[in-house]
Amino acid sequence: MKPRLWLFAALGLAAVPVIAIASHRQAASSSATAEAIAASFKPFAPNVKTRADAKNFYVESDGMPDHPLMVGITAWQQQVPIPQRYVGSNAWQFPLRPVPAANPLSGKTHFFRGAMALAADGVPIFNALNNRGVDSFKIGELDEFGGHCGRADDYHYHIAPLYLEKILGRGKPIAYALDGYAIYGQSEPDGKPVTGLDEFNGHTTAALGYHYHGTKTYPYLNGGFHGEVQEIGGQVDPQPRAQSPRPDTPPLPGAKITAFSRPKPGSYSLTYVIQGQTCLVNYKVETNGSYTFDYVNPEGKAITLNYPQRGQGGGGRQQERPGPSITPAKPTDFQLISSVVENGGLLPKAFTCDGESASPPVAWKNAPAGTKSFALVMHHYPPGETEAPHVYWLAYNISLDIKAIPQNDRTTGARGVNTVNRRSQYAPPCSQGPGKKWYILTLYALSDQVKLDTSSGVTRDTLLKSLEGKVLSASVLNVAYERQRSE
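Treat the numbers as computed from the prediction; the structure is a model and nothing was measured.

> Is there a simple way to explain the state of the cysteines in this structure?
Cysteine pairs can be covalently joined through their sulfur atoms, and such a bond is termed a disulfide. This model, assessed by the stated rule, comprises 1 disulfide. Between the sulfur of cysteine 353 and that of cysteine 430 lies a disulfide, 2.0 Å long from S to S. The sign of the S-S torsion, about 80°, decides the handedness of the disulfide formed by cysteine 353 and cysteine 430: right-handed. Of this pair, cysteine 353 sits in the loop between strand S22 (345–346) and strand S23 (362–365) while cysteine 430 sits in the loop between strand S27 (414–415) and strand S28 (437–446); the two residues are 77 residues apart in sequence, bridging distant segments of the chain. Owing to a relative accessible area of 27%, cysteine 353 belongs among the partly exposed residues under this scheme. Take cysteine 430: its relative accessible area is 30%, and that puts it in the partly exposed class.

So this is what it looks like as structure tokens:
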């Protein structure tokens, strides 16, 4: 018998292993710590679930808070909130007992990807600086609650969700940083004002030890990590993967989100205004986990796209179930580009009626599996007008082996008629009146070619009607043109 393991045997007392005593005490301590942490998340049950082991605390949620979403965003990337499957092995986690880092890392130079904290309502919180190192709050990317959606249609905050103080009450953390330290609101639990915050928005008090605070000025929450974390690929590792059934979308300059609603469980509607026109994105999760999106133009006409369930992207809150995460398939990066203008950029004069009236060169990449042909549409909604959009370019039945349309091309694919001169060719933008005008080029990847009556010319409406049920993916290139006053 080893004396160091059985201290009491020689005294004739009950033999109790020292290791067992230590483990028991550690488990009891972990249980007490986990119970204290769980108190912040409990008000949001059952949509937010928690558990713990001896080392980590885990939070499961779908990332969809109950407050209004997206309203007020003026720098929109066209993503919308979709329930995520942060469950099982894909749950959020942070250490029960945080350890101060030997070399604390700042959010000014690290962690431009992924979350840095998790709010009590189960919503992740990203760096206050976006992936370009710019303060998201200051450039109109965030809604009234400090959140927006990422490329995976995943809703997250970029500033501290201070509204949670009213729900949780004074003295409870509103979030936890992924290093395990708690994030409190704008005052200490005893009501006293916060003083002496470090560069990470944290400090040490006798009552709480080290902890962070949410503030209304940068860095808004933990501006880095006082505690130990592992950074891989510019983000804290491990952390859950978000997944959307549809490809990520480009920014839509000039759009402002004005409303968001949930007409019924698993159904959502987002309203935005662009150039004085009101548009809608209506979407819902189907019983098989796929999503149906209706992109509704100012006339009330919709393009309907169905996206099959992909990895963790499918399923609404009413379908959430525990279990291991699913390894998501690699999302398609179908993208329309041009060598002469970037998305959101100014179209060079050569491609307008003030120049050579040439059609711009365009190209595309990463077409989804199953693509058989492509269709291209270029249109524009005049400010303050409610009639059908002006159409400048229609090309369809573009074969799969074609990856680009060269400048001033007149032969690629079949051609539809524009609304400028009613010809089956490119019509150059001819901006009227002051100010910048926006033109939208949309490329559709199709599961088949389309069959149309061409005797009277193919219009945008007839083309879009023929695409129903065939669209696998779509990519948008937004370009602008502004006539100089001297012209």
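> Would you explain the nonpolar core in this entry?
Nonpolar side chains in soluble globular proteins tend to end up buried together. With 85 residues, the main nonpolar core has Trp76 and Tyr272 as its most contacted residues. Ranked by the residues each element gives to this core, the list is headed by strand S5 (residues 115–119), at 5 residues. Ala358, Met378, Ile398 and Leu443 belong to the second-largest nonpolar core, a separate cluster that totals 25 residues.

> Help me understand the sheet that holds strand S3 (residues 92–95), please; the structure alone is not making it clear to me.
Sheet strands line up and pair through hydrogen bonds in the backbone, either parallel or antiparallel. The 3 strands are arranged S1-S2-S3 in an open sheet whose pairing can be described as antiparallel. Looking at the sheet topology across the chains shown, the edges are occupied by strand S1 (49–52) and S3. Neighbouring strand axes in the sheet, compared pairwise and without regard to direction, differ in orientation by 20° on average. In the sheet, S1 pairs with strand S2 (residues 56–60) via 4 bridges, with the strands oriented antiparallel. The residue bridging lysine 49 from the neighbouring strand is glutamate 60, located in S2.

> What am I meant to see in the packing of aromatic side chains here?
If you walk through the whole model with that rule in mind, you get 23 aromatic pairs. Between tyrosine 268 and tyrosine 283, the ring centres sit 5.1 Å apart and the planes meet at 25°, which makes this aromatic pair stacked. With tyrosine 268 in strand S17 (residues 267–274) and tyrosine 283 in strand S18 (residues 277–285), this pair connects stretches of sequence that are 15 residues apart. The pair tyrosine 268 / tyrosine 283 is uniform in exposure class, with both members buried. Taken together, Phe260, Tyr268, Tyr283, Tyr291, Phe293 and Tyr295 form an aromatic cluster joined through their ring pairs. Positioned above the aromatic ring of tyrosine 58 is the side chain of arginine 51, whose terminal nitrogen or guanidinium carbon lies 4.7 Å from the ring centre.

> Hey, could you run me through the sheet that holds strand S21 (residues 335–337) in this one?
The 3 strands are arranged S21-S23-S26 in an open sheet whose pairing can be described as antiparallel. At either end of the open sheet lies a strand with only one pairing partner, and these are S21 and strand S26 (404–405). In the sheet, S23 pairs with S26 via 2 bridges, with the strands oriented antiparallel. By the bridge assignment, valine 362 is partnered in S26 with isoleucine 405.

> Mind showing me how you'd approach the environment of valine 71 here?
Relative to the elements of secondary structure, valine 71 occurs in the loop between S2 and S3. Separated by 74 residues in the primary sequence, valine 71 and phenylalanine 145 place their C-alpha atoms 8.8 Å from one another. Residues contacting valine 71, with those up to four places away along its chain left out, are Asp143, Glu144, Ile257, Thr258, Ala259 and Phe260.

> Would you take a moment to explain unusual backbone geometry for this structure?
Negative phi is the rule for most residues except glycine; trans is the rule for most peptide bonds. With an omega of 5°, the peptide bond running from alanine 45 to proline 46 counts as cis. A cis amide bond links aspartate 237 to the next residue, proline 238, at an omega of 5°. Considering the arrangement of structural elements, one finds proline 238 in the loop between strand S15 (235–236) and strand S16 (255–264). For tyrosine 220, which is not a glycine, the phi torsion comes out positive at approximately 70°. Given the relative accessible area of 3%, tyrosine 220 is considered buried.

> Whenever I open this one, the pairing of S18 confuses me. Can you help?
Every other side chain in a regular strand lies on the same face of the sheet, so the side chains alternate between the two faces. Alternating residues of S18 divide into Gln277, Cys279, Val281, Tyr283 and Val285, all buried, and Thr278, Leu280, Asn282 and Lys284, none buried. As consecutive antiparallel partners, S17 and S18 are separated by 2 residues, and within that stretch glutamine 275 has a phi angle of approximately 50°, a positive value. Of the strand pairs in this sheet, S18 and strand S19 (residues 291–296) are connected by 6 bridges, and their pairing is antiparallel. Residue pairing in the sheet places asparagine 282 in a bridge with aspartate 294 of S19.

> What's the story with the confidence of the model for the chain in this structure? I'm lost.
Caution applies to low-pLDDT regions: their predicted coordinates should not be interpreted in detail. Scored by pLDDT, the chain has a mean of 84; 85% of the residues are at 70 or more. Note that pLDDT drops below 50 for residues 1–30; the model gives that stretch 21 contacts with residues more than four away or on any other chain. Contacts of residues 311–332 to residues separated by more than four positions or lying in other chains number 69 contacts, the stretch itself having pLDDT below 50.

> Please explain the pattern of salt bridges as it appears in this structure.
A side chain of one charge can pair with a side chain of the opposite charge when the charged atoms of the two come close. Taken as a whole and assessed by the stated rule, the structure comprises 3 salt bridges. With a closest N to O distance of 2.8 Å, aspartate 153 and arginine 246 form a salt bridge. Here aspartate 153, found in the loop between strand S7 (147–149) and strand S8 (155–157), pairs with arginine 246, found in the loop between S15 and S16; they are 93 residues apart in sequence, far enough to count as distant. Relative accessible area serves as the criterion here: at 4%, arginine 246 is assigned to the buried category.

Quick notes on the rules
Residues numbered from 1 in each chain as written. Predicted model: local features only at pLDDT ≥ 70, side-chain atom pairs only at ≥ 80, totals over all residues. Heavy atoms only, no water. Disulfide = S-S within 2.5 Å. Helix = DSSP H or I, 4+ residues; strand = E, 2+ residues; numbered from the N terminus. Buried < 20%, exposed > 50% of the residue type's maximum accessible area, 1.4 Å probe, protein only. Core = buried A, V, L, I, M, F, W, Y, C linked by side-chain atoms within 4.5 Å. Pairing = 2+ DSSP bridges. Axes fitted to C-alpha atoms, helices over the stretch in contact; angles between N-to-C directions. Phe/Tyr/Trp six-rings, centres within 6.5 Å; stacked < 30°, edge-to-face > 60°. Lys NZ or Arg CZ within 6 Å of the ring centre and 35° of its normal. Contact = heavy atoms within 4.5 Å. pLDDT = per-residue confidence, 0-100. Salt bridge = Lys/Arg side-chain N within 4 Å of Asp/Glu carboxyl O.

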